[in-house]
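So you can see what is in the structure, the chains are spelled out below.
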Amino acid sequence: MTQSAAPSAAAVAAKKAMSQSFRVRGILTAVSSGMVYGMYTAFMTYAMAMGIWAVWYGGDAGLSEFAVLFLLSALGAGLTDGCAAVWALIMAALRGKLGDFGRSFRTRPGMMMLVAALFGGPFASTCYVVGLQMAGSVIVPISALCPAIGAILARFLFKQALTPRMLLGIFICFAASAMIGIASSGGNEAHPHMMLGLFFGFLAALGWGIEGCVCGYGVSIIDSEVGITIREVTIGIANLLVLVPILAWIGKTDGFAMLGQALTDLPSMKWFVVAGFLCYFNFMCWYRGNAMCGAALGMACNGAYSFWGPFFCWLILGVLFGMDGWNMVPVAWIGAVLMVVGIFTIATNPLEFLRRKEN
């Protein structure tokens, strides 16, 4: 007697429902990564306004203009990533993955993750903090150009095709960034060096775009938690033990002494610890979301931080802590939302997404 090998309708429906549920949870995870990114930005900025940092930025420490702009930004980014590295190591130890972390450095994907982290850390993270200090939260949506830049770089580095839809999304992203830049140059948050700050925001997007291209290969082979640990440890060491001393030497300042002062400054360090955990959790949600709903859609959901960044800076810094200068002009808010639309257009076909939802 021959039995049919075809699965029952109930089994097919159950599998489809399970896949849909898994995908929805992936989307929610990826969206939460963008939200957490906004929170991490706000708490890092708040930490850099407390304790010894207020003295350094206030001019009472006698630091040069170069040191105030670049050294302090690198130090702030380094402390945040250093705290994130500690959190990543703790989590890896609790999950029994420290051995995998050590072995991954001897593999090609591990080395690629290390090199990519240098673009995303000492370069992009420092440019991001410089931009925040010079232009405020308006540079957050500018830095969100990284998916558009990543798509362009992937065309040249990995010969990936740029479809008309992706080109449209790239155009929308750059149009939104131009809208934000023009609107902010004379808005109520017009910092003295607004346009230069926007430029550093673009450099951050370039660095993260390069990192995204390279890490896409690495995390497809290495466990995501191990990959995050590689990233954060590499960035923390490179920032604090390499970049900060070099910038301190250029600025004729004792960088290690400043690092010691920052580490022992309780009013600011407690917020760096919070920002570091949120930084770690942001990347954890991003990697997990990508694995659950696909890299393209996960990247788009995470890219919504172009809206969440300014929102949480306004909510946490402006409303909760009462700091001035964290509002954005209405046109800039529109540009931030338009940036999200452009990122989604690059990452996924909206029509296909709706068809999947209907089926």
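What counts, and where the lines are drawn
- Residues numbered from 1 in each chain as written.
- Predicted model: local features only at pLDDT ≥ 70, side-chain atom pairs only at ≥ 80, totals over all residues.
- Heavy atoms only, no water.
- Salt bridge = Lys/Arg side-chain N within 4 Å of Asp/Glu carboxyl O.
- Helix = DSSP H or I, 4+ residues; strand = E, 2+ residues; numbered from the N terminus.
- Buried < 20%, exposed > 50% of the residue type's maximum accessible area, 1.4 Å probe, protein only.
- Phe/Tyr/Trp six-rings, centres within 6.5 Å; stacked < 30°, edge-to-face > 60°.
- Core = buried A, V, L, I, M, F, W, Y, C linked by side-chain atoms within 4.5 Å.
- Contact = heavy atoms within 4.5 Å.

1. Description of the pattern of salt bridges
Reasoning step 1: Within this structure, the stated rule accounts for four salt bridges.
Reasoning step 2: Salt-bridge contacts for E225 lead to R95; the nearest nitrogen and oxygen are separated by 3.3 Å. A residue pair is termed long-range when its members are at least 10 positions apart, and E225 in helix α10 (residues 224-250) and R95 in the loop between α3 (65-94) and α4 (98-104) qualify at 130 residues.
Reasoning step 3: We note a salt bridge from K97 to E225, for which the minimum N-O separation is 3.7 Å. You can see K97 sitting in the loop between α3 and α4 and its partner E225 sitting in helix α10, a full 128 residues away along the chain.
Reasoning step 4: Overall, the relative accessible area of 9% leaves E225 in the buried class.

2. Here we look at the packing of aromatic side chains
Reasoning step 1: One pass over the full model with this rule turns up 17 aromatic pairs.
Reasoning step 2: The interplanar angle of 90° and the centroid separation of 5.2 Å between the aromatic rings of Y37 and Y40 together place this pair among those described as edge-to-face. With a gap of three residues between them, Y37 and Y40 both fall in helix α1 (residues 9-47), about one helical turn apart. Each of the two residues, Y37 as well as Y40, counts as buried.
Reasoning step 3: Their ring planes at 70° and their centres at 5.9 Å tell us that F199 and F200 sit as a pair that is edge-to-face.
Reasoning step 4: You can call F200 buried: its relative accessible area is 11%.
Reasoning step 5: Joined through ring pairs, the aromatic side chains of F43, Y46, W271 and F321 make up one cluster.

3. Points about the nonpolar core
The nonpolar side chains of a soluble globular protein tend to be buried, and buried together.
Reasoning step 1: Ranked by internal contacts, the top residues of the largest apolar core, which has 74 residues, are M44, W53, L75, L79, Y128 and F272.
Reasoning step 2: For this core, the element with the most residues is α3, which contributes 11 residues.
Reasoning step 3: In contact with F272, other than residues within four places in its own chain, are M44, A47, M48, W53, G76, L79, T80 and C83.
Reasoning step 4: The next biggest cluster of nonpolar side chains, apart from the first, holds seven residues, and it includes A85, F101, M113 and I222.

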